[in-house]
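Structural characterization, general
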Amino acid sequence: MLNPFNPKYPVRPELFANRQNEIERFRRDFKRTIDSKLPENIAILGDWGVGKSSLAYKFMDIGAKSNVKALSSGFGVPRTIKDVGEFCYLLLYKLNQDLITSKGISSRLKDELLLWRTDQLKLGPFTMQRNEKETPKIPITHLHSGLIDMWKSLHREGVEAVVLVVDDLHHLLQAVKGGILDVRSIFQDLPRYNCNYQLVITGYKALFSEIRELAEPMGRFFNTYEIKEFNKNEAKELINTPIRAAGLDIKVTEDASDFVYEKTKGNPYFVSFFMQMLVEERKKGVIDVQFIKDRVSKIMSELEREKFGKDMSIASELERRVLKKMIDKQEIVRLKDLCTGKDKTKVAKALNRLVEKNLVVKVNRGEYKLYHPLFKEYLSSGRAK
Ligand SMILES: Nc1ncnc2c1ncn2[C@@H]1O[C@H](COP(=O)(O)OP(=O)(O)OP(=O)(O)O)[C@@H](O)[C@H]1O
Ligand SMILES: [Mg+2]
């Protein structure tokens, strides 16, 4: 039996549920990209675990399956990225690799791409995996010429566009603030060389808005798709679509999916976490409220091990104290509720770091909340170290 739920990976496009508006909007932006030969670049923005990567990979799939000749590639910016040079290398490396393994490309194109890899990335023709620990760096001008070079080969094959996903762009921004503007200027220049790379990036909601110098140029460069947690009906779809698509003989009652919604508040990571365990235990038949209630504590302890324990392990002593203080307050907490005048600066800094670590969400200026009620439940249980 294939379990179609796995919260650790972006969902496979054939199991994807909801987001009809975004999908429709993408189809239009993709068509414009093809028709005008000017890419409509997209920024998918949203909070932790809300489904940004899944949506970006769905867009790659739509591009690759469209009735025009289009290819797609994607990579996630690693948390450990240190500078723009590494970013440039990773982008070209992954693009080259994805194009080589694309379905339906000619052996001539494949040979050209392999040659390019040896010449420009200094990799042997059959090296699919790099072994060195350090990511090589290349100057940003090489990213520019590399993208143009590869496009020449693609153009000869009649390729009309490449959907290029850069997942978790905030990691680059955390490492180098201005770096993103360099990347933008490269992509803005490419249409002059008839290249049609449609950039789809994902990142946290405040990716551009928090830094004044970025807000305007980035806002103009990207069409922004802001996504949120699912509502009750969408949560039902999120539960039933993968079950149906995987052909499982499982029925989830209405009450049961409402129960999952109440627990998870429609956050797809948590819905997927619940459903992975429930499907594992049920295999066949009906999942009703009682079936779930009997397993809630088991799911919670699994969540503690897989998620909340890891969350706490990246928090400092002070940050943990701030988190625990937040339990007793209303859902939305103000900075002044958490500190005395004396330690205000320290607590404010800790809150900012907790936001960066995705354990706290900034609701407004000076207003914060814990990232999810289930995390709050864990902190309140006394089991959090
Ligand atoms: N539209 C969807 N259909 C089905 N499952 C989904 C959908 N969106 C998200 N999921 C599920 O939710 C989980 C979290 O989604 P995803 O990894 O895409 O979120 P994210 O916003 O990229 O998270 P992060 O902030 O950690 O990068 C996925 O593992 C997947 O199982
Ligand atoms: Mg993601």
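So, a few notes on the structure that sits alongside this text. Keep in mind the model is a prediction, meaning the values are calculated, not measured.

Considerations on the sheet that holds strand E9 (residues 360-364)
One open sheet holds the three strands; their spatial order is E8-E10-E9, and the pairing between them is antiparallel. A strand with exactly one partner marks an edge of an open sheet, and here the two such strands are strand E8 (333-334) and E9. Strand direction decides the pairing type here: E9 and strand E10 (residues 367-370), joined by four bridges, are antiparallel. In the sheet register, Val-360 faces E10, and the bridge partner there is Leu-370.

A look at the pairing of strand E1 (residues 42-45)
Neither face of E1 is left uncovered, since the one carrying Ile-42 and Ile-44 and the one carrying Ala-43 and Leu-45 both have all their residues buried. Judged from the four bridges that link them, E1 and strand E4 (residues 197-203) form a sheet pairing that is parallel. Residue pairing for E4: Ile-44 is matched across the bridge by Thr-202. Direction of pairing for E1 relative to strand E5 (residues 223-226): parallel, over a ladder of four bridges. Note that in E5 the partner of Leu-45 across the bridge is Glu-226.

As for the packing of aromatic side chains
Under the counting rule described, the total for this entry stands at 18 aromatic pairs. Here the aromatic rings of Trp-48 and Tyr-269 are separated by 5.0 Å at their centres, their planes lie at 55 degrees, and the arrangement is tilted. On the criterion of sequence distance, the pair formed by Trp-48 in the loop between E1 and helix H2 (52-64) and Tyr-269 in helix H11 (residues 268-282) is long-range, its members being 221 residues apart. With a relative accessible area of 15%, Tyr-269 lands in the buried category. Through successive ring pairs, a cluster of aromatic residues spans Trp-48, Tyr-269, Phe-270, Phe-273, Phe-308, Tyr-371, Phe-375 and Tyr-378. Lying over the aromatic face of Tyr-225, Arg-25 brings its terminal NZ or CZ to 4.1 Å of the ring centre. The ring of Phe-291 has Arg-295 sitting right over it, with the charged end atom 3.6 Å from the ring centre.

Quick notes on the side chain of His-372
Its place among the elements puts His-372 in the loop between E10 and helix H17 (373-380). Ignoring any residue separated from it by four or fewer positions in sequence, one finds His-372 in contact with Lys-263, Thr-264, Lys-265, Asn-267 and Phe-270.

Here's the deal with the pattern of salt bridges
One pass over the full model with this rule turns up 29 salt bridges. Between Glu-304 and Arg-383 there is a salt bridge, and its shortest N-O distance comes to 2.6 Å. Of this pair, Glu-304 sits in helix H13 (residues 296-313) while Arg-383 sits in the segment after H17; the two residues are 79 residues apart in sequence, bridging distant segments of the chain. Here Glu-304 falls in the buried class, since its relative accessible area comes to 14%. With a relative accessible area of 48%, Arg-383 lands in the partly exposed category. Measuring nitrogen to oxygen at the nearest pair gives 2.8 Å for the salt bridge that ties Asp-311 to Lys-307.

Remarks on the packing of helix H9 (residues 232-245) against helix H10 (residues 254-264)
The geometry of a pair of packed helices is captured by two quantities: the angle between their axes and the separation between those axes. Between H9 and H10, the least distance of the axes is 9 Å, while the angle of their chain directions is 110 degrees. Regarding the angle of H9 to H10, the classification is roughly perpendicular. Here H9 contributes Lys-232, Ala-235, Lys-236 and Ile-239 to the contact with H10, which in turn contributes Glu-254, Ser-257, Asp-258, Val-260, Tyr-261 and Glu-262.

Looking at the sheet that holds strand E3 (residues 161-167)
Sheets are built from strands paired through backbone hydrogen bonds, the pairs being either parallel or antiparallel. Strand order across the open sheet formed by five strands is E2-E3-E4-E1-E5, with parallel pairing between neighbours. The strands lining the two open edges of the sheet, one partner per strand, are strand E2 (70-76) and E5. The sheet shows a mean angle of 15 degrees between the axes of neighbouring strands, direction not considered.

Conventions we followed
- Residues numbered from 1 in each chain as written.
- Chains lettered and ligands numbered in written order.
- Predicted model: local features only at pLDDT ≥ 70, side-chain atom pairs only at ≥ 80, totals over all residues.
- Heavy atoms only, no water.
- Pairing = 2+ DSSP bridges.
- Helix = DSSP H or I, 4+ residues; strand = E, 2+ residues; numbered from the N terminus.
- Buried < 20%, exposed > 50% of the residue type's maximum accessible area, 1.4 Å probe, protein only.
- Phe/Tyr/Trp six-rings, centres within 6.5 Å; stacked < 30°, edge-to-face > 60°.
- Lys NZ or Arg CZ within 6 Å of the ring centre and 35° of its normal.
- Contact = heavy atoms within 4.5 Å.
- Salt bridge = Lys/Arg side-chain N within 4 Å of Asp/Glu carboxyl O.
- Axes fitted to C-alpha atoms, helices over the stretch in contact; angles between N-to-C directions.
- Parallel < 35°, antiparallel > 145°, perpendicular 65-115°, else oblique.

So yeah, pure geometry; function would need other evidence.
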